[in-house]
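Residue-level structural notes
So the chains spell out like this:
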Amino acid sequence: MVIFYTSVEGIEPAVFCYPYIVVNPWCFYEAVRYIEICRDRVKSILVDTGVDKLFKQLNVRDYPEWYIARYVQMVRTMVARYGNRIEIIYTIPDIPVDYEGRENLYPWNVQRTVEYIEMFRSRYIDYLRPAKPMPVVQGKKDDIMSVLDTYRRYEHLYNEFEIIGLGPTCHTKKWSALAQMILIFDRNVSRPFHSFGAHLKAIERVLKWRLRYFRSFDSSAYFWINEGGRWRKTNGRKERTPALIQYIERLRKLGIEVE
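The following paragraphs examine the structure supplied in this document. Since we're looking at a predicted model, the values are computed, not measured.

About the cut-offs
Per-chain numbering applies: the sequence of each chain, read as written, is numbered from 1 onward. Where totals are concerned, whole chains, interfaces and linings use all residues; where local detail is concerned, this predicted model gives features only for residues with pLDDT of at least 70, and gives and counts side-chain atom pairs only at 80 or more. In computing side-chain properties, one takes all heavy atoms of the structure into account and sets aside hydrogens as well as water. Segments assigned H or I by DSSP are reported as helices when at least four residues long, segments assigned E as strands when at least two residues long, and all are numbered from the N terminus. Only protein chains enter the accessibility calculation, which uses a 1.4 Å probe; a residue whose area is less than 20% of its type maximum is buried, one above 50% is exposed, and one in between is partly exposed. Pairs of residues are marked as contacts when any of their non-hydrogen atoms sit within 4.5 Å. Exposure was quantified through the Shrake-Rupley algorithm and a 1.4 Å probe, taking into account, for residues, occlusion by the shown protein chains and nothing else. Only four residue types enter the charge count, namely Lys and Arg as positive and Asp and Glu as negative; His and the chain termini do not. Charge positions are represented by NZ for Lys, CZ for Arg, CG for Asp and CD for Glu. A pair of cysteine sulfur atoms is labelled a disulfide when the two atoms are within 2.5 Å. Pairing between two strands is assigned when DSSP locates at least 2 bridges connecting them. Note that the arc is computed from the directions linking the helix axis to the C-beta atoms.

Some points on the overall build of the chain
Helix and strand content of the chain: 9 helices and 11 strands. Viewed in the frame of its principal axes, the chain has a C-alpha envelope of about 45 × 40 × 35 Å. Expressed as a percentage of its 259 residues, the buried residues of the chain come to 54%. Considering only residue pairs separated by 6 or more positions, the chain has 68% of its internal contacts joining residues 24 or more positions apart. Carbon and sulfur atoms make up 48% of the accessible area of the chain, which amounts to about 12,400 Å² in all. Here the chain contributes 40 positively and 31 negatively charged side chains, and the mean placements of these two sets differ by 3 Å.

Right under this line is the structure:
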């Protein structure tokens, strides 16, 4: 069964406790507060590097050294607090190029992502146990062959990990192409994988097929609502909490793991 993860920014824990949580450096303290209140319900925590704000909003080329240090310490804090009773999976830093204006960073982004995998393997994996490291397979936006090329060239490296991530799946409106990317990746890998930010339209298509290794995806699509043809971000806990509950009901009908 495919698992759904999400951020709990703006979600009221007194109203709704969700078991599969995404945590990143930008919402760390709010997430910890949520986990503390919902601690008996939380099953798994996916720690993410927060690439959307870092590479899309702040438009930096690579992770600053201080950011990597902060990220490692954040994972370590999560392990110290919850590692003995909650599954923790953390993303090894990767370099996406599916944001506008970053397309020309391919194939440098692949090589840099591999360098981060090797760095974490040598410096941090033992330090962060029992949390599970998740290296990301990067490539071009909407280009499955570039992703498969990365995986095949570094398969020996990815095979050292229990779970891997499919990177260029966040920022596309080509739902059919995204579904195809997930399905083809599923046919070619040899271990469970997570898809970042995959849209529900693509997931609905993927679930019609027999899957081997597609383990999970995350999304915060319900952060946005359409009013008269215009999209706006949900306004605080009063709107976002019921929006998540409605989204969860859609996922439940599809047989996605949400509890």
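Things to note about the state of the cysteines
A complete count under the given rule lists 1 disulfide for this structure. Linked covalently through their sulfurs, Cys 17 and Cys 38 form a disulfide whose S-S length is 2.0 Å. Measuring handedness by torsion sign, the sulfur bridge of Cys 17 and Cys 38 sits at about -75 degrees and is left-handed. Of this pair, Cys 17 sits in the loop between β1 (3-7) and β2 (20-23) while Cys 38 sits in the loop between α1 (28-37) and β3 (44-47), and the two are 21 residues apart along the sequence. We classify Cys 17 as buried; its relative accessible area is 16%. Unpaired in terms of disulfides, Cys 27 finds its nearest cysteine sulfur in Cys 38, a separation of 14 Å. Its relative accessible area of 5% is what places Cys 27 among the buried residues.

Things to note about the environment of Ile 184
Assignment of secondary structure puts Ile 184 in helix α7 (residues 175-188). Considered as a pair, Ile 184 and Leu 148 are 36 residues apart in the sequence and their alpha carbons are 8.7 Å apart. Ile 184 has contacts with Ile 144 and Leu 148, leaving out every residue within four places of it along the chain.

Concerning the sheet that holds β3
Read from one edge to the other, the open sheet built from 9 strands follows the order β5-β4-β3-β2-β1-β9-β8-β7-β6, with strand pairing classed as parallel. In the strand order of this sheet, the two ends are held by β5 (132-134) and β6 (136-137), each with one partner. Two strands pair when backbone bridges link them, and strand β7 (residues 164-166) and strand β8 (residues 193-195) are joined in this way by 3 bridges, in the parallel orientation. In the strand pairing of β8, Leu 166 is matched with Ser 195.

Remarks on α1
Of the positions making up α1, those classed as buried are Phe 28, Ala 31, Val 32, Tyr 34 and Ile 35. The buried residues of α1 occupy an angular sector of 160 degrees when projected down its axis, which confines them to one face. Packed against the buried residues of α1 are β2, β3 and α3 (65-82).

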